[in-house]
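So the chains spell out like this:
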Amino acid sequence: MKRQLIPCLVSLLGLWGCGGSGPAHQTTEKYFLVCANPKIPYWQEAGAGFLAAARELGVQAEVVGPDTYDAQAEREEFRRILGKKPAGVLVSAGNAELLTPDINSAVESGVPVVTVDADAPQSRRLFFIGTNNYEAGQTGGRLLVKLLNGKGTVVFFTIAGQENVKQRLDGYRAVLDATPGIKVAAVQDMKGNASLAFDLTEEYVQKKMVPDAFVALESLSGAEIADVLDRAKIDGKVILAMDATQNTLEWIEKAKIAATIAQKPYTMGYYGL
């Protein structure tokens, strides 16, 4: 997490409430968290934090978004909930360029918008709560170099167009650029689809072109990669995952996934509201 953001936010909220005339919340206020695929464990955890804060504040809250990763569908959902005149919106920008005009329109109309997890830095959103994704990538990159002893090939699984995932990849590349013994064999767009991640990994197995390492830059691919390699009885490959979903942790316990870089989605949802 950005280390200074939450303490500053708490301090501001404390000052806002001083003097006995703090902001009054009404039970009729409704806030929305808009994300891509709210049914996956990562967003369920963020939603739990979001709803917990709503209960404490005595306001209404709802988590919405398309059932699959679809940046255009997320944009349409964002526009739909603006028609409900929300008290405020949290949004994870699946495609920052696509969502920026709509975020700006919301703010201009008086609806406060905060980005979580994936930012839209060129928009007029109030602020961003999330991970330093470039640093997360560098952390993973240093571990990858160590686990491969500085030599080998690696395939990355990413989501094209999502800025936070791109920043993680940039962090990895920054480390690997200083390690010429490790080559990036491919960067695969798994489109936010766990089944596609499974199929892409199977292709490497079937073609007998399995790299020395796989890196999942999002929460779904790590477990899928591990499942494929386990079924094929392929050992000795390094898998680095992202986030602490239950199936990822189970594959770590089975020693198929070497490590994962965990974020704080509950905290993002809670403090965001």
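If you're wondering where the values come from, they're calculated on a predicted model, not measured in any experiment.

Colleague: Outline the overall build of the chain, supporting the account with residue identities and numerical values.
Modeller: When helices and strands are tallied, the chain shows 10 helices and 10 strands. Relative to the 2.2 N^0.38 estimate, which gives 19 Å for 273 residues, the radius of gyration of the chain is 20 Å and therefore close to what a compact globule would have. Referenced to the eigenvectors of the C-alpha coordinate spread, the extents of the chain come out at roughly 65 × 35 × 35 Å. Here the chain, with 273 residues, has 49% of them falling under the buried criterion. Partitioning the intrachain contacts of the chain with sequence separation of at least 6 by distance along the chain shows that 69% fall at a separation of at least 24.

Colleague: So what's going on with the nonpolar core? Residues and values would help.
Modeller: Counting residues in each nonpolar core, the largest one holds 36 residues, and the members touching the most others are Leu33, Trp43, Val116, Phe157, Met190, Phe214 and Leu229. With five residues, the single largest contributor to this core is helix 2 (residues 41-57). The residues touching Val116, leaving out its near neighbours within four places in the chain, are Leu33, Trp43, Leu90, Val91, Ser92, Phe128, Ile129 and Met268. Among the nonpolar cores identified, the runner-up in size contains 20 residues, and Val165, Leu169, Val238 and Ile261 belong to it.

Colleague: Please set out the packing of aromatic side chains residue by residue, giving values where relevant.
Modeller: Within this structure, the stated rule accounts for six aromatic pairs. Centre to centre, the rings of Phe156 and Tyr172 are 5.2 Å apart; their planes meet at 70 degrees, and the pair counts as edge-to-face. Linking Phe156 in strand 6 (residues 152-158) with Tyr172 in helix 6 (residues 163-176), this pair joins segments that are 16 residues apart in sequence. When sorted by exposure, Phe156 lands in the same class as Tyr172, which is buried. Relative to Tyr271, the ring of Tyr270 has its centre 5.5 Å away and its plane inclined at 80 degrees; by these criteria the two rings are edge-to-face. Overall, the relative accessible area of 26% leaves Tyr270 in the partly exposed class. Of the residues examined, Tyr271 reaches a relative accessible area of 31% and is grouped as partly exposed.

Colleague: Which residues make up the side chain of Asp117, and what values go with them?
Modeller: Position of Asp117 among the secondary structure elements: in the loop between strand 4 (113-116) and strand 5 (128-129). There is a polar contact of 3.5 Å between the side chain of Asp117 and the side chain of Ser92. Setting aside residues up to four positions removed in sequence, Asp117 forms contacts with Tyr42, Trp43, Ser92, Phe128, Ile129, Gly130, Asn133, Gln162, Asn164, Arg168, Gln263 and Met268.

Colleague: Lay out the sheet that holds strand 6 with the relevant residues and their values.
Modeller: Ordered in space as 7-6-8-9-10, the five strands form an open sheet in which the pairing is parallel. Whereas interior strands pair on both sides, the edge strands pair on one side only; in this sheet they are strand 7 (182-189) and strand 10 (259-261). Pairwise comparison of adjacent strand axes, ignoring direction, gives a mean angle of 20 degrees for this sheet. Note that strand 8 (residues 213-216) and strand 9 (residues 238-242) share three bridges and pair parallel. Counterpart to Val215 in the pairing with strand 9 is Leu240.

The rules we used
- Just so you know, the residues in each chain are numbered from 1, in the order the chain's sequence is written.
- The predicted origin of the model limits local features to residues at a pLDDT of at least 70 and limits the giving and counting of side-chain atom pairs to 80 or more, whereas totals for whole chains, interfaces and linings rest on all residues.
- The side-chain numbers reported here are obtained from all heavy atoms of the structure, hydrogens and water having been left aside.
- Numbered from the N terminus, helices here are DSSP runs of H or I no shorter than four residues, and strands are runs of E no shorter than two.
- The globule rule used for comparison is 2.2 Å times the number of residues to the exponent 0.38, while the radius of gyration itself is calculated over C-alpha atoms.
- Remark: exposure states derive from per-residue accessible area (1.4 Å probe, protein chains only) relative to the maximum for the residue type, with buried under 20%, exposed over 50%, and partly exposed in between.
- Residue contacts are defined here by distance: any two heavy atoms, one from each residue, within 4.5 Å place the two residues in contact.
- As used in this record, nonpolar core signifies buried Ala, Val, Leu, Ile, Met, Phe, Trp, Tyr and Cys residues forming a set joined through side-chain atoms within 4.5 Å.
- Aromatic pairs are defined between Phe, Tyr and Trp rings, using the six-membered ring for Trp, whenever the two ring centres lie within 6.5 Å; interplanar angles under 30 degrees are classed as stacked, those over 60 as edge-to-face, and all others as tilted.
- Each polar contact in these results corresponds to two N or O atoms within 3.5 Å; when the atoms are within protein, one needs to be able to donate a hydrogen and the other to accept it, and residues that are neighboring in sequence are counted only if both atoms are side-chain atoms.
- Only strands joined by at least two bridges in the DSSP assignment are considered to pair.
- Interaxial angle, 0 to 180 degrees, is taken between N-to-C directions of lines fitted to C-alpha atoms, where a helix line uses only the stretch in contact.

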